[in-house]
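If you want the building blocks of each chain, they are given just below.
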Amino acid sequence: TIDQSLEQIRKQHQITVSQFLTEIRMLHQRIDALESASSIDDLTKLFSRGEMEHRIRSLSTGAFCLLLVRASGLRMAALNFSPEVSAELTGAFTKRLRNSLPDHSVTSRWGEEDFVTILHIPKLDAVNSGKFIAENLGGPYACLLKGKTVRPSLQLRIGVVDSNGDKPERVLERVAEFLPGK
């Protein structure tokens, strides 16, 4: 009976350990999902600056370009109209921005009015994309304020940083020159 009791305790112990391992795996999956969700800007559904810096650092020194966009007018929309109008304007702009870029591009909200996109295309194509964005995404947007249409305006400043085989830290320095801030 002692041997049977010991065997039963061992089995119970193995079941408990197995349950703990399953729970730990599930908790790790939840943590991963939460970390992934926190790296995306809730308003724009774009990656955060920290996530984009991590992605740039993880890129090899191969050829890639960064499209830099400063959308001046988002803060003014909040001040002149309301934070809700600014949020609507930001959402409309980022939707148009994503639709204007190649499918495989990765875009982040670098700052309140700053956006950075990784493009795996030649510099000339990136410059052409930037020109298209500057010509078509700036200007007034229709937003609602208490049931009435208001037209806050965006002024865009576009830059392109070619990696030129530089190390990621040098590329990030060049981004900071164009988009100073935080």
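Before reading further, recall that the structure is shown in the block above.
Cut-offs used in this document
- Residues numbered from 1 in each chain as written.
- Predicted model: local features only at pLDDT ≥ 70, side-chain atom pairs only at ≥ 80, totals over all residues.
- Heavy atoms only, no water.
- Helix = DSSP H or I, 4+ residues; strand = E, 2+ residues; numbered from the N terminus.
- Rg over C-alpha atoms; globule rule 2.2 N^0.38 Å.
- Buried < 20%, exposed > 50% of the residue type's maximum accessible area, 1.4 Å probe, protein only.
- Contact = heavy atoms within 4.5 Å.
- Areas by Shrake-Rupley, 256 points an atom, 1.4 Å probe, with all protein chains shown as cover.
- Salt bridge = Lys/Arg side-chain N within 4 Å of Asp/Glu carboxyl O.
- Phe/Tyr/Trp six-rings, centres within 6.5 Å; stacked < 30°, edge-to-face > 60°.
- Lys NZ or Arg CZ within 6 Å of the ring centre and 35° of its normal.

### Examining the overall build of the protein chain
Tallying secondary structure elements over the protein chain gives six helices and eight strands in all. The globule rule puts the C-alpha radius of gyration for 182 residues at 16 Å, and the 24 Å found for the protein chain is more than 25% above it. Burial status across the protein chain gives 36% buried among its 182 residues. For the protein chain, the share of sequence-separated contacts (at least 6 apart) that also reach a separation of at least 24 residues comes to 70%. For the protein chain, the accessible area works out to roughly 11,300 Å², and carbon and sulfur atoms hold 54% of it.

### Brief notes about the pattern of salt bridges
Under the defined criterion, the tally for this structure stands at eleven salt bridges. Salt-bridge contacts for Arg170 lead to Glu173; the nearest nitrogen and oxygen are separated by 3.3 Å. Placement of both Arg170 and Glu173 in helix α6 (residues 168–178) is noted, with a separation of three residues, approximately one turn of the helix. You can call Arg170 partly exposed: its relative accessible area is 34%. Using a relative accessible area of 45% as the deciding quantity, one classes Glu173 as partly exposed. The closest approach of N and O atoms between Glu177 and Arg170, which form a salt bridge, is 3.6 Å.

### Some points on the packing of aromatic side chains
A full pass over the atoms with the stated rule returns one aromatic pair. Over the ring of Phe47 we find Arg55, and its NZ or CZ is 4.1 Å from the ring centre. Its end group placed over the ring of Phe178, Arg157 keeps NZ or CZ at 4.1 Å from the ring centre.

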